[in-house]
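Here is what each chain is made of, one letter per residue.
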Amino acid sequence: METLTLDIPVLWPNYFEDCEQCTERLRETLQGLDGMVSVRIDTDRRTVEVSYAKDLLNFEAIRQAAQELGITLAERFKHERVTVDGLDCPDCAENLEKAVSRIPGVSWVSVSFASSLLIVEYEPHITDLQTILNTIRRLGYDVRLPDEVPIHGSARRTIPRGSLRILLTALSGLLLASGLVVQHLCHNPSAGSVLLICAAVFGGVYPIRRAYFSLKGRSVDTNFLVTVAAAGAIWLGDYAEAAAVLFLFSVGSALEALSADKARKSIRSLIAAFPETVVVKRGGEMLQVHIDAVDVGEVVLVKPGERIALDGIVVSGESTVDEAPITGEPTPKPKGKGDSVYAGSINGEGALEIRTTSKAEDSTVSKIVRLVEEAQTQKAPSQRFSETVGRYYTPAVIAMAAAVAIVGAAAYAGSYELWLRRALTLLVVACPCALVVSAPVAIVCALANAAKRGVLIKGGIHLETLAEVSTVAFDKTGTLTYGKPQVREVKAFNEHTETDVIAAAAAVESRSEHPLADAVVDYANTTGAPKMHVFFFEALPGRGARAVADGEVYYVGNERLMKEIGFAPPETNCAGDSKDAPCTTVYVANERELIGAVVLSDIVRSCAAAVIGELKNEGLRRIVMLTGDNAEAARAVASQVGIREFYAELLPQDKVRVVKELASASGKVAMVGDGFNDAPALAAAHVGIAMGGLGSHASIETADVVLMADEIVMLPYALRLSRRTRAIIVQNLAFAIGTAALLIWGAITQHVTLATGVLGHEASALLVIANGMRLLKK
């Protein structure tokens with residue numbers, strides 16, 4: 001697999017150079033990207049050297065991963081995506097990819113027949129986008145840049161692009177039928193020849209055109225092979241056979257293009273029903289404006305029953321909002337002042353005024369569509385296999401056909417035409433279309449199906465890996481529990497008061513991102529505890545945090561942290577109702593002594609036990625829980641949800657170690673977490689699954705699979721979808737290879753003619769596409 005090594009200048013905050021944790025986190029984040037071979041950070045030179053596999057990773061993904069940590073990588077490459085019109089066969093996409101990759105300065109390119117999308121990275125000081133677009137156009141394709149592809153609103157009704165092709169195919173079929181009728185009535189094979197030649201001409205317009213551009217791009221494809229076969233039939237004087245070949249091939253290609261187009265449009269159905277205009281409050285008036293003209297911070301009115309067109313925060317009104325089009329959750333959620341709403345969801349019975357937080361092109365749902373479309377261009381192992389076979393298979397077919405024609409004619413005198421006919425038939429039937437299209441259409445349909453049900457899968461490689469998972473590891477807080485703990489009790493030690501304890505704890509936790517922090521701060525605000533001024537804060541992963549507040553050092557954390565700083569915390573009574581709400585104890589200390597403890601409880605998700613039960617029914621080998629919490633709280637949660645194996649009191653690096661141990665013992669591992677606090681463990685797993693992506697751009701960027709809803713209920717669906725996709729791909733590959741072998745045998749033994757060979761070839765490709773498109777169904 002080809003790798004690329006880059007030495008990239010970096011812009012980072014001033015504190016970064018002296019922060020060992022920061023550089024290590026950047027290294028772990030980049031190293032966790034699929035396809036990354038090595039990462040080396042030089043803080044003195046302010047550079048990052050990365051080596052990565054070009055087939056699995058691109059510079060834009062690396063840049064975005066660093067950007068999520070607040071670090072800017074210098075743009076060595078431009079990253080562009082364009083829609084290509086006219087990709088009507090799988091090998092057309094492969095040939096276009098080869099042609100663009102040969103342009104000097106192009107470092108990486110991927111073309112997807114199934115999504116009709118080309119993504120390219122190039123060095124701007126060597127080439128430019130216009131050069132790339134001109135190359136694509138010279139090969140006979142039309143291209144559209146992202147700003148020329150409508151994101152929101154309904155598309156204008158225009159004459160279908162394929163209407164001319166359909167008309168020419170219909171004329172070819174009519175002329176072919178007329179020519180055959182004339183031959184039959186006249187009892188003369190030469191009668192109707194003009195009609196048959198005209199039928200071949202009309203049916204061959206598109207195949208011959210594509211064959212010309214294929215040769216121009218220094219490659220051969222199915223169109224070229226079919227054109228050669230038809231020309232050979234005409235040279236042999238078999239006009240009916242030539243006309244039938246080109247007509248049937250044209251019909252099959254048109255149907256393939258229509259089927260693929262349906263798969264391409266499936267993901268965009270997420271935003272197809274978006275309104276083109278919205279009502280905006282400007283200068284005390286309500287104005288109807290186009291959705292693209294709405295700026296961030298403006299207030300828009302959404303009436304009952306309307307689809308919300310932009311992300312925003314409710315500033316007035318109350319209603320229920322159906323987020324099923326994005327998250328897959330069937331139950332509408334109540335929304336009121338201060339609540340976030342997202343583009344694509346449907347307003348219920350009340351009117352809402354919403355202050356926008358993003359432009360139309362930057363909304364969550366638009367980002368999802370772009371990510372899924374780019375994921376569709378990433379090649380899964382099965383797709384790389386079929387394309388590799390196809391790359392060597394086509395030249396082998398040409399060589400085999402030439403051998404059949406030459407060796408057969410030499411061995412059997414007087415039968416040159418017979419062996420030439422067999423060779424021409426072999427050219428047609430052995431085309432690898434069905435093989436090449438076996439995986440990509442199935443993957444595109446599966447990714448679109450998942451996205452429409454609130455599961456964002458970041459590429460075919462992750463979809464196929466998920467199907468092989470035998471072990472699932474869950475984080476506890478915020479994954480199996482709601483992650484919204486509440487303070488149950490505050491305990492004071494050593495003559496301190498409860499107010500002292502909660503004030504100090506809130507001061508430290510006000511700077512923390514841990515799920516327990518918000519609960520402590522909210523409790524302090526509710527009880528009116530005095531606020532302390534924080535001068536310094538440091539997170540201590542897996543243990544707690546420390547800070548300087550009002551001139552004194554405070555520590556907030558678990559029992560391990562207290563022992564590290566020399567204190568022996570007393571046991572806290574965590575009994576009570578812990579069966580229903582397992583508790584966690586957070587200790588508070590200064591540099592002299594323990595001052596108290598805060599006891600918090602979290603509630604297990606109502607769906608957690610059912611989800612675990614479904615996963616067990618799917619035949620997973622192991623289901624485990626990982627947590628940094630104490631063993632008592634971990635045991636209580638594991639018992640409630642039906643997990644027998646759990647690991648408690650883990651630091652982030654311990655979670656990574658456990659994930660690797662699970663992988664070595666039990667095969668492929670999926671890690672389910674929140675996408676931020678569990679980032680190292682998610683990266684260490686074969687598949688990282690983050691939940692709550694609807695409200696978190698970080699989750700969308702960092703995980704391999706994102707559950708858009710803040711629930712794990714769709715996890716069994718994602719697993720079943722991945723396994724069904726793998727099964728369909730295997731079916732397609734077996735069918736394509738078996739059909740090709742049968743047709744090749746028929747061509748050599750003369751049981752298959754040119755016309756029936758084309759019919760078998762096109763039918764096999766159509767059946768493979770149709771089988772893949774079953775993944776669009778619920």
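Residues numbered from 1 in each chain as written. Predicted model: local features only at pLDDT ≥ 70, side-chain atom pairs only at ≥ 80, totals over all residues. Heavy atoms only, no water.

**Concerning the overall build of the protein chain**
Consideration 1: A tally of helices and strands in the protein chain yields 26 helices and 30 strands.
Consideration 2: By the burial criterion, 55% of the 778 residues in the protein chain qualify as buried.
Consideration 3: In the protein chain, of all internal contacts separated by at least 6 residues, the share reaching a separation of at least 24 is 68%.
Consideration 4: As displayed, the protein chain has an accessible area near 33,100 Å², and 56% of this comes from carbon and sulfur atoms. (Helix = DSSP H or I, 4+ residues; strand = E, 2+ residues; numbered from the N terminus. Buried < 20%, exposed > 50% of the residue type's maximum accessible area, 1.4 Å probe, protein only. Contact = heavy atoms within 4.5 Å. Areas by Shrake-Rupley, 256 points an atom, 1.4 Å probe, with all protein chains shown as cover.)

**Quick look at a nonpolar patch on the surface**
Consideration 1: Taken together, the side chains of L164, L167, L171, L174 and F202 make up a nonpolar region of the molecular surface, amounting to roughly 440 Å² of accessible area.
Consideration 2: Among the elements that make up the nonpolar patch, the one with the highest residue count is helix α5 (residues 163–186) (4 residues).
Consideration 3: Position of L174 among the secondary structure elements: in helix α5. (Patch = residues over 30% accessible without salt bridge, like charges linked within 9 Å, V, L, I, M, F, W, Y side chains within 5 Å. Salt bridge = Lys/Arg side-chain N within 4 Å of Asp/Glu carboxyl O.)

**Re helix α18 (residues 515–527)**
Consideration 1: Buried within α18 are the following residues: L516, A517, A519, V520 and A524. Down the axis of α18, the smallest arc covering the buried residues is 165 degrees, so these residues share one side. Structural note: α18 exposes D518 and T526 on the side pointing more than 90 degrees away from its buried face.
Consideration 2: Buried residues belonging to α18 abut β20 (486–492), α17 (498–509), β24 (583–590) and β25 (594–601).
Consideration 3: Where α18 terminates, the next one or two residues include G528, which has phi positive at roughly 75 degrees. (Arc of directions from axis to C-beta.)

**Focus: the pairing of strand β19 (residues 471–475)**
Consideration 1: Judged by how many residues are buried, β19 sits mostly within the fold: 5 of 5 residues are covered.
Consideration 2: Burial along β19 is two-sided: T471, A473 and D475 facing one way and V472 and F474 facing the other are all buried.
Consideration 3: As paired strands, β19 and strand β26 (residues 622–626) are joined by 5 bridges and run parallel to one another. Looking at β26, one finds that D475 is bridged to L626.
Consideration 4: Pairing analysis gives 4 bridges linking β19 to strand β28 (residues 669–673), with the strands arranged parallel. Looking across to β28, one finds that A473 is bridged to M671. (Pairing = 2+ DSSP bridges.)

**Topic: the pairing of strand β2 (residues 36–42)**
Consideration 1: Alignment of β2 against strand β3 (residues 47–53), held across 6 bridges, turns out to be antiparallel. Along β3, the bridge assignment pairs R40 with E49.
Consideration 2: Hairpin connection, β2 to β3: the antiparallel pair is bridged by 4 residues, and R46 has positive phi, about 55 degrees.

**Things to note about the environment of L420**
Consideration 1: Structurally, L420 can be placed in helix α12 (residues 416–429).
Consideration 2: For L420, a relative accessible area of 13% translates into the label buried.

**Structural notes on the pattern of salt bridges**
Consideration 1: In total, this model carries 21 salt bridges according to the counting rule given.
Consideration 2: When the shortest N-O distance is used, the salt bridge between K335 and E323 registers 3.3 Å. Of this pair, K335 sits in strand β14 (residues 333–335) while E323 sits in the loop between β13 (319–322) and α9 (324–327), and the two are 12 residues apart along the sequence. Here K335 matches E323 in class, with each residue buried.
Consideration 3: Ionic contacts of the salt-bridge type, sharing partners, join the residues E614, E618, R720 and R723 into one network.

**Section: the sheet that holds strand β7 (residues 117–122)**
Consideration 1: Sheet architecture is open: 4 strands sit in the order β6-β7-β5-β8, paired in antiparallel fashion. Since the sheet does not close on itself, it has two edges, and those belong to β6 (106–112) and β8 (142–144), each with one partner. This sheet shows a mean twist of 25 degrees between the axes of neighbouring strands, independent of strand direction.
Consideration 2: Bridging between strand β5 (residues 78–85) and β7 involves 6 bridges; their strand directions are antiparallel. (Axes fitted to C-alpha atoms, helices over the stretch in contact; angles between N-to-C directions.)

**Some points on the packing of helix α6 (residues 193–216) against helix α7 (residues 222–235)**
The packing of two helices is summarised by the inter-axis angle and the distance between the axes.
Consideration 1: The contact between α6 and α7 brings their axes to 8 Å, and the two run at 120 degrees. With respect to their mutual orientation, α6 and α7 come out oblique. Pair α6 / α7 crosses with left-handed handedness. Every residue of α7 that contacts α6 at P207, I208, R210, A211 and L215 is listed here: N223, F224 and T227.
Consideration 2: Grouping the constituent residues of the contact of α6 with α7 by class yields 5 nonpolar, 2 polar and 1 charged. (Parallel < 35°, antiparallel > 145°, perpendicular 65-115°, else oblique. Left-handed = near helix turned anticlockwise from the far one by under 90°. Nonpolar A, V, L, I, M, F, W, Y, C, P; charged D, E, K, R; others polar.)

**Some thoughts on the packing of aromatic side chains**
Consideration 1: The final tally for this structure, using the stated rule, is 2 aromatic pairs.
Consideration 2: With a centroid separation of 5.6 Å and 65 degrees between ring planes, the pair formed by F59 and F77 is classed as edge-to-face. Taken together, the residues span a long stretch of sequence, with F59 in helix α2 (residues 59–67) and F77 in the loop between β4 (72–73) and β5 at a distance of 18 residues. Judged on exposure class, the residue F59 and its partner F77 are both buried.
Consideration 3: Directly above the ring of W419 sits R422, whose terminal nitrogen or CZ lies 4.4 Å from the centroid. (Phe/Tyr/Trp six-rings, centres within 6.5 Å; stacked < 30°, edge-to-face > 60°. Lys NZ or Arg CZ within 6 Å of the ring centre and 35° of its normal.)

**Describing the sheet that holds β13**
Each strand in a sheet pairs with another by means of backbone hydrogen bonds, the pair being arranged parallel or else antiparallel.
Consideration 1: Sheet architecture is open: 3 strands sit in the order β14-β13-β16, paired in antiparallel fashion. In the strand order of this sheet, the two ends are held by β14 and β16 (346–347), each with one partner.
Consideration 2: Relative to β14, β13 runs antiparallel, the two sharing 3 bridges. What sits directly across from T320, in β14, is P334.

**Description of the packing of α7 against α12**
Consideration 1: Close contact between α7 and α12 brings their axes to 8 Å; oriented N to C, the two are set at 155 degrees. Considered as vectors, α7 and α12 are oriented roughly antiparallel to each other. By crossing handedness, the relation of α7 to α12 is classed as left-handed. For the pair α7 and α12, the contacting residues are L225, V226, V228, A229, G232, A233 and W235 in the first and Y416, L420, L424, L427 and V428 in the second.
Consideration 2: Here the contact of α7 with α12 is composed, by residue class, of 11 nonpolar, 1 polar and no charged.

**Re the nonpolar core**
Consideration 1: Counting residues in hydrophobic clusters, the biggest one holds 106 residues, and the most contacted among them are L96, V100, L118, I136, F474 and L480.
Consideration 2: In contact with I136, other than residues within four places in its own chain, are V82, V84, L96, V100, L118, Y141 and V143.
Consideration 3: The next biggest cluster of nonpolar side chains, apart from the first, holds 40 residues, and it includes A233, L246, A405 and L420. (Core = buried A, V, L, I, M, F, W, Y, C linked by side-chain atoms within 4.5 Å.)

**Some words on α12**
Consideration 1: Over its 14 residues, α12 runs 20 Å from end to end, which matches the ideal 20 Å to within 8%, given 1.5 Å per residue.
Consideration 2: Along α12, 10 of the 14 residues are buried, which leaves the element largely enclosed by surrounding structure.
Consideration 3: Among all positions of α12, only W419, L420, R422, A423, L424, T425, L426, L427, V428 and V429 are buried. (Expected span 1.5 Å × (residues − 1).)

**A closer look at unusual backbone geometry**
Consideration 1: Within the chain, N494 stands out as a residue other than glycine whose phi angle is a positive 55 degrees.
Consideration 2: Inspection of the secondary structure puts N494 in the loop between β20 and α17.
Consideration 3: Positive phi values are uncommon outside glycine, yet E649 reaches one of about 55 degrees.
Consideration 4: By secondary structure assignment, the location of E649 is in the loop between β27 (645–647) and α22 (652–666).

**Describing the environment of K491**
Consideration 1: Residue placement: K491 occurs in strand β20.
Consideration 2: Sequence separation of K491 and G596 is 105 residues, and the distance between their C-alpha atoms is 5.3 Å.

**Overview of the environment of K54**
Consideration 1: As for its placement among the helices and strands, K54 is situated in the loop between β3 and α2.
Consideration 2: Residue K54 is classed as buried on the basis of its relative accessible area, which comes to 16%.
Consideration 3: Along the sequence, K54 and S107 sit 53 residues apart, while their C-alpha atoms lie 8.4 Å from each other.

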